[in-house]
Amino acid sequence: QKEVEQDPGPLSVPEGAIVSLNCTYSNSAFQYFMWYRQYSRKGPELLMYTYSSGNKEDGRFTAQVDKSSKYISLFIRDSQPSDSATYLCAMSAGSFQKLVFGTGTRLLVSP
Amino acid sequence: EPEVTQTPSHQVTQMGQEVILRCVPISNHLYFYWYRQILGQKVEFLVSFYNNEISEKSEIFDDQFSVERPDGSNFTLKIRSTKLEDSAMYFCAGDEGQGADTQYFGPGTRLTVL
């Protein structure tokens, strides 16, 4: 079983749709959960950070962590064509430790 | 807003040659990392560095790899004898080491080994 699993997509939605992106993981030691956005051949850009279980909202983005199910989600409201990118989930077991990434989900938002 | 910078953006080298990839982390960052991403694959951890020492390294980070922070601002990754399979995007990341544990990534260096 992979440590972090993420559907590679692509996920195609019309502009204005609500997008749901998800990851599952197997390592119960993970405590820190992040979502990064990556445009083609660019570096990952940090979008959201969550410690342990719970929800966090920032503008159009909401991150959810359910440690009991080992499942994390990123919701994007009112999606825009500029949101078209690959979304990477990442997690770590402790402060300043390595990040373990999912494969990334490619999102395409059409006008 | 301060950013992590990396040079060069693209490096082409012959198999067996040495390459040095350079990174300038954000000035108040204390923890530094190198990751790589082979085309079409996931981002993979290589090494972490704190207080002028390697904190952790992956299986990928073998004797052909080394890291250094030579002057307090630059952070380098050296590959001594490149192999075809070293072709990838290499990302430097940093963490300020307090508060939220968040790593900020540079734009990457694309390494092509011929």
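Below: a short report on this structure. Because the structure is a prediction, the values reported are computed rather than measured.

Before going further, it helps to spend a moment on the overall build of chain B. Broken down by element type, chain B carries zero helices and 11 strands. The N-to-C order of helical and strand elements in chain B reads β-β-β-β-β-β-β-β-β-β-β. Relative to the compact-globule value of 13 Å for 114 residues, chain B shows a C-alpha radius of gyration of 13 Å, a close match. When the 114 residues of chain B are sorted by exposure, 45% land in the buried category. A separation threshold of at least 6 residues defines the contact pool for chain B, and within that pool the share at least 24 residues apart is 53%. Looking at chain B, you have 9 positive and 16 negative side-chain charges, and the mean spots of the two groups are 7 Å apart.

This part is about the side chain of B:Thr109. Residue and element names in this part refer to chain B. Among the secondary structure elements, threonine 109 is positioned in strand S11 (residues 109-113). At a separation of 2.5 Å, a polar atom in the side chain of threonine 109 contacts the main-chain carbonyl oxygen of proline 8. Excluding anything up to four places from it in sequence, threonine 109 contacts Gln6, Thr7, Pro8, Ser9, Gln11, Leu21, Ala88, Met89 and Tyr90.

Of all hydrophobic cores here, the largest spans 25 residues; its most connected members are A:Val4, A:Trp35, A:Ile72, A:Leu74, A:Ile76, A:Tyr87 and A:Met91. Counting only elements with at least two residues in this core, the list comes to strand S3 (19-25), strand S4 (32-38), strand S5 (45-51), strand S7 (61-66), strand S8 (71-76), strand S9 (85-92) and strand S11 (105-110) of chain A. Setting aside residues up to four positions removed in sequence, A:Tyr87 forms contacts with A:Gln6, A:Leu21, A:Tyr36, A:Arg37, A:Leu47, A:Leu74, A:Ile76, A:Gly104, A:Thr105 and A:Leu107. The next biggest cluster of nonpolar side chains, apart from the first, holds 22 residues, and it includes B:Ile38, B:Val47, B:Leu77 and B:Ile79.

Time to look at the sheet that holds S3(A). By definition, the strands of a sheet pair up through backbone hydrogen bonds, in either a parallel or an antiparallel sense. Residue and element names in this part refer to chain A. One open sheet accounts for five strands, arranged S1-S3-S8-S7-S6; its pairing is antiparallel. Both outer strands of the open sheet, strand S1 (4-5) and strand S6 (54-58), are each paired with one neighbouring strand and no more. Note: S7 against S8, six bridges, orientation antiparallel. When the sheet's bridge partners are listed, aspartate 66 is paired in S8 with tyrosine 71.

Moving on, we come to the sheet that holds strand S1 (residues 5-7) of chain B. Residue and element names in this part refer to chain B. Taken together, the four strands give an open sheet; going across it, the order is S1-S3-S8-S7, and neighbouring strands pair in antiparallel fashion. Two strands close off the open sheet at either side, each with one partner strand: S1 and strand S7 (65-68). Averaged over all neighbouring strand pairs, the angle between strand axes comes to 20°, with direction disregarded. Strand direction decides the pairing type here: S1 and strand S3 (residues 19-24), joined by three bridges, are antiparallel. The residue bridging threonine 7 from the neighbouring strand is arginine 22, located in S3.

Where a strand is regular, its side chains alternate between the two sheet faces. Residue and element names in this part refer to chain B. With respect to burial, strand S9 (residues 88-95) is a largely interior element, eight of its eight residues being buried. Note: strand S4 (residues 31-37) against S9, seven bridges, orientation antiparallel. Pairing of tyrosine 31 across the sheet is with aspartate 95, part of S9. Across three bridges, S9 lies against S11 in antiparallel orientation. In the sheet register, tyrosine 90 faces S11, and the bridge partner there is threonine 109. Pairing geometry for S9 and strand S10 (residues 104-105), over two bridges, is antiparallel. By the bridge assignment for S10, glycine 94 is matched with tyrosine 104.

This brings us to the state of the cysteines. Inspection of the entire model under this criterion finds two disulfides over all chains. A sulfur-sulfur separation of 2.0 Å characterises the disulfide bridge that pairs A:Cys23 with A:Cys89. Because the sign of the S-S torsion sets the handedness, a value of about -100° for the bond joining A:Cys23 and A:Cys89 places this disulfide among the left-handed ones. In this pair, A:Cys23 is assigned in strand S3 and A:Cys89 in strand S9, connecting sequence segments 66 residues apart. Across this residue pair, the class does not change: A:Cys23 and A:Cys89 are buried. Each disulfide pairs two cysteine sulfurs, and for B:Cys23 the partner residue is B:Cys92, the sulfurs being separated by 1.9 Å. Its S-S torsion of about -60° marks the bond between B:Cys23 and B:Cys92 as left-handed, since a negative value means left-handed. With a gap of 69 residues between them, B:Cys23 in strand S3 and B:Cys92 in strand S9 connect regions that are remote in the sequence. For the pair formed by B:Cys23 and B:Cys92, the shared burial category is buried.

Conventions adopted
- Residues numbered from 1 in each chain as written.
- Chains lettered and ligands numbered in written order.
- Predicted model: local features only at pLDDT ≥ 70, side-chain atom pairs only at ≥ 80, totals over all residues.
- Heavy atoms only, no water.
- Helix = DSSP H or I, 4+ residues; strand = E, 2+ residues; numbered from the N terminus.
- Rg over C-alpha atoms; globule rule 2.2 N^0.38 Å.
- Buried < 20%, exposed > 50% of the residue type's maximum accessible area, 1.4 Å probe, protein only.
- Contact = heavy atoms within 4.5 Å.
- Lys, Arg positive; Asp, Glu negative; His and termini not counted.
- Charge placed at Lys NZ, Arg CZ, Asp CG, Glu CD.
- Polar contact = N/O pair within 3.5 Å; in protein donor to acceptor, adjacent residues only side chain to side chain.
- Core = buried A, V, L, I, M, F, W, Y, C linked by side-chain atoms within 4.5 Å.
- Pairing = 2+ DSSP bridges.
- Axes fitted to C-alpha atoms, helices over the stretch in contact; angles between N-to-C directions.
- Disulfide = S-S within 2.5 Å.

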